[in-house]
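# Commentary on secondary and tertiary structure
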Amino acid sequence: MPTFPRGELMSEVSARAVEHHAPPQSFVRKHVFSLDHKVIGKQYYALALVAVLIGMALSWLMRIHLVWPNAPIPGLQLLSKTGAPGGVMTPEYYLSLLTMHGTLMVFFVLTNAPFAAFGNYFLPIQIGAEDMAFPRFNMMSFWITFLAFSILVAAFFVPDGPPISGWTSYAPLSAVGSDAGPGEGLGQTLWGLSIFVFCIASLLGSLNFIATTLDLRTKVAEFFSAFAPRTLAFAGAAAALVILLQAGVIGSMMLKGDAGYGVASAPNVKVDSIDLYVNFAQQATSDEVTKFLRSHQASIVEGPKGAGTYRVRFAVTGLPKEELARLVKDMQQNRNIVSSEFEAPATK
Amino acid sequence: MGKVFAVILVVIALASAVPIITHTWYGSRISLSPPEDISTHGHAIDEQLSETMIEAGLLFLAAQSLLAFFVWTFADPKDDTEIKTFPGGARAMVITALVLVGTEILALGVFGQKAWANVYFRPAAPDALEIQAQAGQFAFYFRYPGVDGKFGQLHPDKIDEGNSNFFGLDPANDVESRDDIVAGELAIPVQREIHLLMHAKDVGHSFYVRELRIQQDFVPGLDLSVHFTATKVGKYEIVCTQLCGLGHYNMKAYLNVMSQDDFEGWMKQKVSEQ
């Protein structure tokens, strides 16, 4: 690869840095799976245009709902029977449309059109290169973006519809599954998957931009390629989305409880043990008591108090309320060892 | 054709000048400016917004006009026009642009810091009135420490909305929580610093009062706080501005700024209701 003096005219550079490849012959290679940066740039534009039209239609629907909340919108029930029974949009479905509108506009229009489309078309021309450094990667990043788009649009057609957590998808609203509302189950999963795939495509694309600038460059361009923020941004976003996806899908979020959400804000709650005041039965031998304690992973922490009451700490793994019910039931079945028990107030 | 683009650029610049000017100078007359500021820190934020608007606005107009000038001058070149390089080469141009834009952004950052840090980096005064705010789907609740000046402990497992135990207090075992006052509105005395301790019960929410110039998210799992002093008696809306689920659109409460006497009366009434 020849190097060029600084400040040289772009047109002269491009005249020398020529790497010819034969023009494509078939229709598919020319227009569908093209390797030409200009065609790929236009494909990105086309995708952004489709996305912007869908996004615009969604914003019309949202505004119609804001002005006439109870008016039926003809045909909307075809898109979602539950979201728009009789064509009347429910408040939940409004949020679904809002989420999809935001997502389409931010990712598939505002990221695609100026960066992927404009960049693909003009970057090689600007730096005087024949094409992008990796034309096949370039094609791949477009078609992966298309895949991401398809996954996102598929969220319209699953039973609960698209998610309602907004394009920012803040956890825990987006991470606790269908408890959080319609669309937060499968819809949210599709959303997360779509944006994850989008991040991969965007990473591929921006790495290609960097490689092109470094490899087929002028000096000034080389300096600036180091600042490509898109790479950093989408690498981070992809990692965050993996966490969100696995939280939603595997349900491994620690906050999820039986009453909708649990609470993370109170530092004083002990969920790893339960204290009970226990009176042991008079006929129970110390052997039986020891065995009982061991089988429940319990230990005596205080006592005996008046009337022979002991404070016993039980190790638990599940939710306090369920564990407590289980323990009490267990003890009622062992009346030959434990004569009575009641909940001890939490210590601080 | 190129000259048409130049004209369009100028039209865009002029059209953009209208909101810049109305917002900064004539806003109050045609209700385009922000609502009245009722806080001690708000004027600094308003001034900063105006400064940013003027600086960025003027630079935008200048850049747009320059672009239009170049487009007009070099539109429709004849075939034999000689292409010239920028004087000093591309590097000089890029470095000049970087330094200029960098200085501008740095300056805005440094001056903006003054207004912002004054609210967020300065701790609340020790004698500030502490009030706890809890956001949950889809309501705000506020807790006052009561006569003893101490908040009782929170027990999330004891939260029971049917019983109006919104915070999960345990008055049976926890003495400090017995006199705690829980209210659905944020009643505060005028001209006294308020230290609002914020936590979310379930998902992300936001505390936004336009007149206080305060917008702060509630983040589940984090104890955040803001402090402010209201300067004008009145009733103002507190709204949630972070999409928090199905009932988000309906999540609001009221900030009730009272005179010291009225506030004490309100407090007495709340105590007697317990």
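Since we're looking at a predicted model, the values are computed, not measured.

Procedures and definitions
- Residues numbered from 1 in each chain as written.
- Chains lettered and ligands numbered in written order.
- Predicted model: local features only at pLDDT ≥ 70, side-chain atom pairs only at ≥ 80, totals over all residues.
- Helix = DSSP H or I, 4+ residues; strand = E, 2+ residues; numbered from the N terminus.
- Buried ≥ 20, exposed ≤ 12 C-beta atoms within 10 Å, placed from the backbone.
- Contact = placed C-beta atoms within 7 Å.
- Expected span 1.5 Å × (residues − 1).
- Pairing = 2+ DSSP bridges.
- Axes fitted to C-alpha atoms, helices over the stretch in contact; angles between N-to-C directions.
- Core = buried A, V, L, I, M, F, W, Y, C linked by C-beta atoms within 7 Å.
- Domains from an automatic or database assignment.
- Nonpolar A, V, L, I, M, F, W, Y, C, P; charged D, E, K, R; others polar.
- Bend = angle between axes of the 7 residues up to and from the residue.

## Brief notes about the overall build of chain A
The number of helices and strands found in chain A is eleven helices and four strands. Evaluated residue by residue, chain A yields a buried proportion of 35% over its 348 residues. A sequence separation of at least 24 residues applies to 72% of the contacts in chain A between residues at least 6 apart.

## Let's talk about helix α7 (residues 186-215) of chain A
Counted at 1.5 Å a residue, the expected span for α7(A) with its 30 residues is 44 Å, and the 43 Å between its end C-alpha atoms agrees. In terms of burial, α7(A) is largely enclosed, as 23 of its 30 residues are buried.

## Structural notes on the sheet that holds strand β2 (residues 139-144) of chain B
Residues and elements named next belong to chain B. Here we have five strands laid out as an open sheet, ordered β3-β2-β1-β5-β8, and mixed in their pairing. The open sheet terminates on both sides in strands that have one partner only, identified here as β3 (181-183) and β8 (224-229). In this sheet, neighbouring strand axes are inclined to one another by 25 degrees on average, regardless of whether the strands run parallel or antiparallel.

## Section: the nonpolar core
For soluble globular proteins, the rule of thumb is that nonpolar side chains tend to be buried together. Ranked by internal contacts, the top residues of the largest apolar core, which has 86 residues, are Ala51(A), Phe108(A), Cys199(A), Ala133(B) and Leu186(B). Among the elements that make up this core, the one with the highest residue count is helix α5 (residues 91-127) of chain A (13 residues). When residues no more than four places from it in sequence are discounted, the contact partners of Ala133(B) are Phe140(B), Phe142(B), Leu196(B), Leu197(B), Met198(B) and Phe207(B). Listed in part, the seven residues of the second largest apolar core include Ile274(A), Leu276(A), Phe280(A) and Ala298(A).

## Describing the domain arrangement of chain B
Residue and element names in this part refer to chain B. Examined at the domain level, chain B breaks down into domain 1 (2-76 + 88-120) and domain 2 (129-273). On a C-alpha basis, the centres of domain 1 and domain 2 stand 38 Å from each other. Here the residues of the side of domain 1 that touches domain 2 are counted per class, giving four nonpolar, four polar and two charged.

## Section: helix α3 (residues 89-120) of chain B
Residue and element names in this part refer to chain B. Taking 1.5 Å of rise per residue, 32 residues should cover 46 Å, and α3 covers 45 Å from first to last C-alpha, within 8% of that figure. Of all the bends in α3, the greatest, near 35 degrees, is centred on Gln 113. Little of α3 sits out of view: just one of its 32 residues are buried.

## Here we look at the environment of Lys38(A)
With respect to the secondary-structure elements, Lys38(A) resides in helix α3 (residues 37-67). Through-space distance from the C-alpha of Lys38(A) to that of Pro124(A) is 9.3 Å; in sequence the pair is 86 residues apart.

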